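# Structure assessment
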Amino acid sequence: MTSAHSPVRILILGTGNMARTHVAAFQKIPGVEVVAGVDRRTEILDAFCAELAIPHRFETLEDAIAWGAFDAVSNVTPDAVHHPTTLPLLRAGKHVLCEKPLATNASDAREMADLARTKGLIGMVNLSYRNVAVLQQAAGLVAEGALGALRHFEASYLQSWLTQPAWGDWHTESQWLWRLSTEHGSKGVLGDVGVHILDFVVHAAGSPVAGLSCRMKTFDKADGGRIGDYVLDANDSFTLQAELENGALGTVSATRFASGHLNDLRLRLYGDKGGLEVRFENRIESLRICDGPDLERAVWRDIAALPVPTVYERFVTAIRTGKAAEPGFDHGARLQMVLDTAEKSHSDASRFLELDI
């Protein structure tokens, strides 16, 4: 545990676009210092550290661990690298905030979660939409029984960067191309944003997934199905039917072909006493409820939500207090089990599969 009065020293592993978000978030927190960056690409690392006033830089994780003058790490590497880089950091006694998904399979994710727990370290997954205040408000209302017994849900994560260049030209930029290629470590839209919308569901509903069936689709996007070194074989869309442990049944979907939606999340929860609708669209949050006397007329009313601490702030607080915070590695491992089961369901001709817990 780090003293509440001593600085928390953060090392940033990886220097992509998301790494800048991590650095900016940590640099806003009093008593937190971003002390080093790690990336094998020397020129990119040098520019990253110079731009963001990061004093130390290392080309290898091994060199950074040998230096050791940091308390915690933001692991902002590609998905396939999370497991092999997080394990040595945990063994070295460092707390880790890992980008989602925690790993690319449930076995690796469980190994990470078990090691963090054994070492008594803080391990958290950057499921960034936990920062959406209306999601937290919805989870609180469900836990208080505002909807009664949950019966049904609908959830979607809609992106359109494969149909227009709002975020750049995916045909030519590696930051997008690798997300379309399993050979480059991508699990497609299921692993990239499906993990977010699944977390949206289970967190708000207060219940994990018990069983599911899933279909995924990869669309033709280039001649021969490849661009340069990138074979474009990762899934672009998925639809999933799931039952939660509390008995609620519903659907979850995500796609990169939702024309007109840059980055929109929607969730509807229905219980025997009311319904909730959560939206995070165009970076605007909204929450509506229909309950009590309004049920007979199907009238919905808006609910306000106060800002909540970010994942970065909760990570730092957990380090300082020694008290675990969510979403932790155990939750990340459970979500990875859902993703693995979804892939197996697709390959098994859409059988409905119970999770192997």
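Residues numbered from 1 in each chain as written. Predicted model: local features only at pLDDT ≥ 70, side-chain atom pairs only at ≥ 80, totals over all residues. Heavy atoms only, no water.

A few words on the overall build of the protein. Check the secondary structure of the protein and you find 10 helices and 17 strands. Since a compact globule built from 357 residues should have a radius of gyration of about 21 Å, the 21 Å found for the protein is in line with a globular shape. Each principal axis of the C-alpha atoms in the protein carries an extent, and together these give about 65 × 55 × 40 Å. Within the protein, the proportion of its 357 residues that are buried is 52%. The contacts in the protein between residues at least 6 apart in sequence include a share of 70% that link residues at least 24 apart. (Helix = DSSP H or I, 4+ residues; strand = E, 2+ residues; numbered from the N terminus. Rg over C-alpha atoms; globule rule 2.2 N^0.38 Å. Buried < 20%, exposed > 50% of the residue type's maximum accessible area, 1.4 Å probe, protein only. Contact = heavy atoms within 4.5 Å.)

So, on to the packing of helix H1 (residues 17-27) against helix H9 (residues 311-321). It is at 9 Å that the axes of H1 and H9 come closest, and there the two elements cross at 60°. By the angle between their axes, H1 is oblique relative to H9. Between H1 and H9 lies a crossing of right-handed hand. The residues of H9 that touch H1, namely those facing Met-18, Thr-21, His-22, Ala-25 and Phe-26, are Tyr-312, Phe-315 and Val-316. Taken together, the residues of the contact of H1 with H9 break down into six nonpolar, two polar and no charged. (Axes fitted to C-alpha atoms, helices over the stretch in contact; angles between N-to-C directions. Parallel < 35°, antiparallel > 145°, perpendicular 65-115°, else oblique. Left-handed = near helix turned anticlockwise from the far one by under 90°. Nonpolar A, V, L, I, M, F, W, Y, C, P; charged D, E, K, R; others polar.)

Here the focus is the nonpolar core. If you look at the biggest cluster of nonpolar residues, it comprises 77 residues, and the most contacted ones within it are Leu-212, Phe-238, Val-252, Leu-269, Leu-276 and Phe-329. Ranked by residue count, the leading element in this core is helix H8 (residues 188-205), at 11 residues. With sequence-adjacent residues up to four places away left out, Phe-238 is seen in contact with Val-189, Leu-190, Gly-194, Ile-197, Cys-214, Arg-215, Met-216, Val-252, Ser-253 and Ala-254. Counting residues in hydrophobic clusters, the runner-up holds 27 residues, among them Val-8, Ile-12, Val-34 and Leu-52. (Core = buried A, V, L, I, M, F, W, Y, C linked by side-chain atoms within 4.5 Å.)

As enumerated under the stated definition, the model contains nine aromatic pairs in all. Taking 6.1 Å as the distance between ring centres and 25° as the angle between the ring planes, the aromatic pair formed by Trp-67 and Phe-70 counts as stacked. According to the relative accessible area criterion, Phe-70 is buried, its value standing at 1%. On the numbers, 5.8 Å between centres and 25° between planes, the contact of Trp-167 with Trp-176 is stacked. Using a relative accessible area of 12% as the deciding quantity, one classes Trp-176 as buried. Joined through ring pairs, the aromatic side chains of Phe-26, Tyr-312 and Phe-315 make up one cluster. (Phe/Tyr/Trp six-rings, centres within 6.5 Å; stacked < 30°, edge-to-face > 60°.)

Our focus in this paragraph is the sheet that holds strand S3 (residues 56-58). With respect to topology, six strands assemble into an open sheet ordered S3-S2-S1-S4-S5-S6, the strand pairing being parallel. The sheet is open, and its two borders are formed by S3 and strand S6 (123-126), each paired with just one other strand. For this sheet, the mean inter-axis angle between neighbouring strands, taken without regard to orientation, is 25°. (Pairing = 2+ DSSP bridges.)

Taken together, the buried positions of helix H6 (residues 133-143) are occupied by Ala-133, Val-134, Leu-135, Ala-138, Ala-139, Leu-141 and Val-142. Looking one or two residues past H6, Gly-145 carries a phi angle of roughly 90°, positive in sign.

Quick look at the environment of Asn-126 now. With respect to the helices and strands, the residue Asn-126 is situated in strand S6. Its relative accessible area of 0% is what places Asn-126 among the buried residues. Taking the C-alpha atoms as reference, Asn-126 lies 23 Å from Ile-44; in sequence the two are 82 residues apart. Residues in contact with Asn-126, not counting those within four places in the same chain, are Met-18, His-22, Leu-97, Cys-98, Glu-99, Lys-100, His-196, Val-311 and Tyr-312. Looking at Asn-126, its side chain comes within polar contact range of the side chain of Tyr-312, at 3.4 Å. (Polar contact = N/O pair within 3.5 Å; in protein donor to acceptor, adjacent residues only side chain to side chain.)

Attention now moves to the pattern of salt bridges. Per the counting criterion, the structure on display carries 26 salt bridges. Two residues, Glu-51 and Arg-20, come together in a salt bridge whose shortest N-O distance is 2.8 Å. Of this pair, Glu-51 sits in helix H2 (residues 42-51) while Arg-20 sits in helix H1, placing them 31 residues apart in sequence. The shortest N-O distance in the salt bridge between Arg-268 and Glu-277 comes to 3.0 Å. (Salt bridge = Lys/Arg side-chain N within 4 Å of Asp/Glu carboxyl O.)

Quick look at the packing of helix H5 (residues 106-119) against helix H10 (residues 329-347) now. Where H5 meets H10, the axes come as close as 8 Å, and the angle between the chain directions of the two elements is 170°. Of the possible angle classes, the one that applies to H5 and H10 is roughly antiparallel. Contacts between H5 and H10 involve Ala-106, Ala-109, Arg-110, Met-112, Ala-113, Ala-116 and Arg-117 from the first element and Phe-329, Asp-330, Ala-333, Gln-336, Met-337 and Asp-340 from the second.

The next thing to look at is the environment of His-261. Its location among the elements puts His-261 in the loop between strand S12 (249-255) and strand S13 (263-271). Between the C-alpha atoms of His-261 and Trp-161, which are 100 residues apart in sequence, the distance is 8.9 Å. Apart from the residues lying within four places of it in its own chain, the contact partners of His-261 are Leu-158, Gln-159, Ser-160 and Arg-266. At 2.7 Å, the side chain of His-261 and the side chain of Asp-264 are in polar contact.

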